[in-house]
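Commentary on secondary and tertiary structure
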Amino acid sequence: MANTKNSETTEAPSAENLASAASRAGARGPAPVHLWDPPFCGDLDMRIARDGTWFHEGTPIGRERMVKLFASILKREGDRHYLVTPVEKVGIAVDDAPFVAVDVAREGEGLRFTTNLDETAVAGPEHPIRVVRDPETGEPAPYIEIRSGLEALIDRKSFYRLVELGETAPHEGEDWFGVRSNGMFFPIIPAAELP
């Protein structure tokens, strides 16, 4: 007996189909992925490296426009990252954070961060800064939330700029060294640990 295909079988998820759907969904800026809850369609062989490089099937995606298109449909749910369209959701691998903050500048009372994909966020209640310290070395890994749970790893030069703008202030019963932006204090390291 011959195998017959169900006429309702959908295509396997592909980078090309996702890029096409992304360009239809939101030509400029992030698409409204928080409003979409499509079915999970499997994982795609796509990975974002710690330095912000996007890979598809092991090869770097060299076209920045294509990377920005994929980033516009990126969504985080729990510890997983997905590319989402109104009709499908596919998992991708993210080594650390999906973005890298490559610049920071004082803007009035705020600190404006710019990512490797030209997205910006001013640190504050909607865009908090957090610092994770390596338990063995104590080395800090600073992050800022860019949008909807998606973070950017703050690169080394931008972190040094933050340190230059830092101050010591009370936080949870002890003095901490950190930075202020939009009226909020973001702790970096206990003041007692400063050299």
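Located above this text is the structure these notes cover.
It is worth spelling out the sheet that holds strand E13 (residues 167-171) at this point. Spatial ordering of the open sheet is given by E13-E14-E15, a layout of 3 strands whose pairing is antiparallel. Pairing within the sheet leaves two strands with one partner each, and these edge strands are E13 and strand E15 (184-190). If you compare each strand with its neighbour and ignore which way they point, the axes differ by 55° on average. Taken together, the 6 bridges between strand E14 (residues 174-181) and E15 define a ladder with antiparallel strand orientation. Across the sheet, residue Arg180 finds its bridge partner in E15, namely Phe185.

Across 5 bridges, the pairing between E13 and E14 is antiparallel. Note on E14: the bridge partner recorded for Glu167 is Gly178.

Of note, Ser148 is a non-glycine position whose phi angle comes to about 45°, a positive value. As for its placement among the helices and strands, Ser148 is situated in the loop between strand E11 (140-147) and strand E12 (150-154). Taking relative accessible area as the criterion, Ser148 reaches 57% and is therefore assigned exposed. A positive phi angle is found at Glu172, which is not glycine, with a value near 50°. Checked against the element boundaries, Glu172 lands in the loop between E13 and E14.

Mapping Glu88 onto the fold places it in the loop between strand E5 (80-84) and strand E6 (89-94). In this structure Glu88 comes out as buried when scored by relative accessible area, which is 12%. The spacing of Glu88 and Pro39 is 49 residues in sequence and 5.6 Å in space, taken between C-alpha atoms.

The rules behind each value
- Residues numbered from 1 in each chain as written.
- Predicted model: local features only at pLDDT ≥ 70, side-chain atom pairs only at ≥ 80, totals over all residues.
- Heavy atoms only, no water.
- Pairing = 2+ DSSP bridges.
- Helix = DSSP H or I, 4+ residues; strand = E, 2+ residues; numbered from the N terminus.
- Axes fitted to C-alpha atoms, helices over the stretch in contact; angles between N-to-C directions.
- Buried < 20%, exposed > 50% of the residue type's maximum accessible area, 1.4 Å probe, protein only.

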